[in-house]
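Here is how the chains run, residue by residue.
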Amino acid sequence: AQSVTQLGSHVSVSEGALVLLRCNYSSSVPPYLFWYVQYPNQGLQLLLKYTTGATLVKGINGFEAEFKKSETSFHLTKPSAHMSDAAEYFCAVSAVRGNKLVFGAGTILRVKS
Amino acid sequence: DGGITQSPKYLFRKEGQNVTLSCEQNLNHDAMYWYRQDPGQGLRLIYYSQIVNDFQKGDIAEGYSVSREKKESFPLTVTSAQKNPTAFYLCASSIQGSGYEQYFGPGTRLTVT
């Protein structure tokens, strides 16, 4: 069975500071990994995904994530936080076979001015 | 514009009533999904469908029912058997196959009193 653990249900950073949201996964097969962002009372929007190939993945809005198989991690980073980055972020994993996603519990990012 | 629509945005019902949530997509996707979102619990899969006239239970299907008579539509009925139906419901769709991201609708917030 697959699972996702997001460390820290709430993360607070100052505007302009580094954003680091942590995600660890468990999968018995090579995984596909995703990060989504959700603004209040809205659906989820894909930030980036890892399938195969380059382990450093760049996404929208200046975010990137690195797949580290040895650490079973897929942490999300952004060099400089903007106020508009305040939202909830979800990490998700899917099996090589099939479409189903397993989501982490989410991390709410607060950006302080 | 291609996308997923969910209606209504907010829905209020009395306890004991069945209610149907609408989900329509014009992305020509074969696979569709229903998730329930509760604070601090991430997204949990209720039902999914990989093809018309076929669907499978997800992790929390009890008290819910679905149909998939058309490729574009995947309505969810919350029955009176669902013990705690108040939640935010999200519909998603994707290309059938491994590694494809899911596209989400804007969600329906259901309140049952």
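The structure presented is a predicted model; accordingly, all values stated were derived computationally and were not measured.

1. Thoughts on the overall build of chain A
A count of helical and extended segments in chain A gives 0 helices and 11 strands. Going from N to C terminus, chain A has its helices and strands arranged as β-β-β-β-β-β-β-β-β-β-β. Taking the principal axes of the C-alpha coordinates as reference, chain A spans close to 45 × 30 × 20 Å. The proportion of buried residues among the 113 residues of chain A is 43%. The long-range fraction of contacts in chain A, counting pairs at least 24 apart against all pairs at least 6 apart in sequence, stands at 56%. As displayed, chain A has an accessible area near 5300 Å², and 53% of this comes from carbon and sulfur atoms. Charge centroids of chain A, computed over 10 positive and 6 negative side chains, lie 7 Å from each other.

2. Some points on the pairing of strand E6 (residues 54-57) of chain B
Residues and elements named next belong to chain B. The pairing of strand E5 (residues 43-51) with E6 spans 3 bridges and is classified as antiparallel. Bridge pairing links Ile51 to Asp54 in E6. Counting the residues in the hairpin turn of E5 and E6 gives 2 residues, including Asn53, whose phi is positive at 65 degrees.

3. Side note on the pattern of salt bridges
Residue and element names in this part refer to chain B. Tallied over the entire structure, the rule returns 6 salt bridges over all chains. Residues Lys71 and Asp30 are paired through a salt bridge, measuring 3.5 Å at the closest nitrogen-oxygen approach. Note that Lys71 is positioned in the loop between strand E7 (64-66) and strand E8 (76-78) and Asp30 in the loop between strand E3 (19-25) and strand E4 (31-37), a separation of 41 residues in sequence. Relative accessible area serves as the criterion here: at 24%, Lys71 is assigned to the partly exposed category. Each of the salt bridges in this network shares a partner with another, and the network as a whole consists of Arg36, Asp38 and Arg44.

4. A short note on the interface of chain A and chain B
The partner chain B presents 27 residues to the 22 residues of chain A that form the contact. Across the interface of chain A and chain B, roughly 1800 Å² is buried in total on both sides, 49% from carbon and sulfur atoms. On the surface where chain A and chain B come into contact, there are 1 salt bridge. Measuring nitrogen to oxygen at the nearest pair gives 2.6 Å for the salt bridge that ties Lys49 of chain A to Glu101 of chain B. In this assembly, chain A and chain B are joined by 6 residue pairs in polar contact (both at pLDDT 80 or more). At the level of elements, strand E4 (32-38), strand E5 (44-50), strand E9 (87-94) and strand E10 (101-103) of chain A are the ones that each hand at least two residues to the side of chain A that touches chain B.

5. Notes on the sheet that holds strand E8 (residues 73-78) of chain A
Residues and elements named next belong to chain A. In spatial order, the strands read E1-E3-E8-E7-E6; together these 5 strands make up an open sheet with antiparallel pairing. The open sheet has two edge strands, strand E1 (3-7) and strand E6 (56-58), and neither has a second partner. For this sheet, the mean angle separating the axes of adjacent strands, direction not counted, is 20 degrees.

6. Notes on the environment of Thr108 of chain B
All names here are of chain B. One can find Thr108 in strand E11 (residues 108-112). Spatially, the C-alpha atoms of Thr108 and Thr5 are 9.9 Å apart, while their sequence positions differ by 103 residues. Ignoring any residue separated from it by four or fewer positions in sequence, one finds Thr108 in contact with Gln6, Ser7, Pro8, Lys9, Leu11, Leu21, Ala87, Phe88 and Tyr89.

7. Some details on the side chain of His75 of chain A
Residues and elements named next belong to chain A. You can see His75 is positioned in strand E8. A distance of 2.9 Å separates a polar atom in the side chain of His75 from the backbone nitrogen of Cys23. Sequence-distant contacts of His75, defined by excluding residues within four places in its chain, comprise Leu20, Leu21, Arg22, Cys23, Asn24, Trp35, Glu64, Ala65 and Glu66.

8. Remarks on the sheet that holds E8 of chain B
Residue and element names in this part refer to chain B. Spatial strand order, E1-E3-E8-E7: 4 strands in an open sheet with antiparallel pairing. In this open sheet, the two edge strands, each paired with only one partner strand, are strand E1 (4-7) and E7. In this sheet, adjacent strand axes meet at a mean angle of 20 degrees when their direction is disregarded.

Reading the values: the criteria
- Residues numbered from 1 in each chain as written.
- Chains lettered and ligands numbered in written order.
- Predicted model: local features only at pLDDT ≥ 70, side-chain atom pairs only at ≥ 80, totals over all residues.
- Heavy atoms only, no water.
- Helix = DSSP H or I, 4+ residues; strand = E, 2+ residues; numbered from the N terminus.
- Buried < 20%, exposed > 50% of the residue type's maximum accessible area, 1.4 Å probe, protein only.
- Contact = heavy atoms within 4.5 Å.
- Areas by Shrake-Rupley, 256 points an atom, 1.4 Å probe, with all protein chains shown as cover.
- Lys, Arg positive; Asp, Glu negative; His and termini not counted.
- Charge placed at Lys NZ, Arg CZ, Asp CG, Glu CD.
- Pairing = 2+ DSSP bridges.
- Salt bridge = Lys/Arg side-chain N within 4 Å of Asp/Glu carboxyl O.
- Buried area = accessible area lost by both parts, 1.4 Å probe.
- Polar contact = N/O pair within 3.5 Å; in protein donor to acceptor, adjacent residues only side chain to side chain.
- Axes fitted to C-alpha atoms, helices over the stretch in contact; angles between N-to-C directions.

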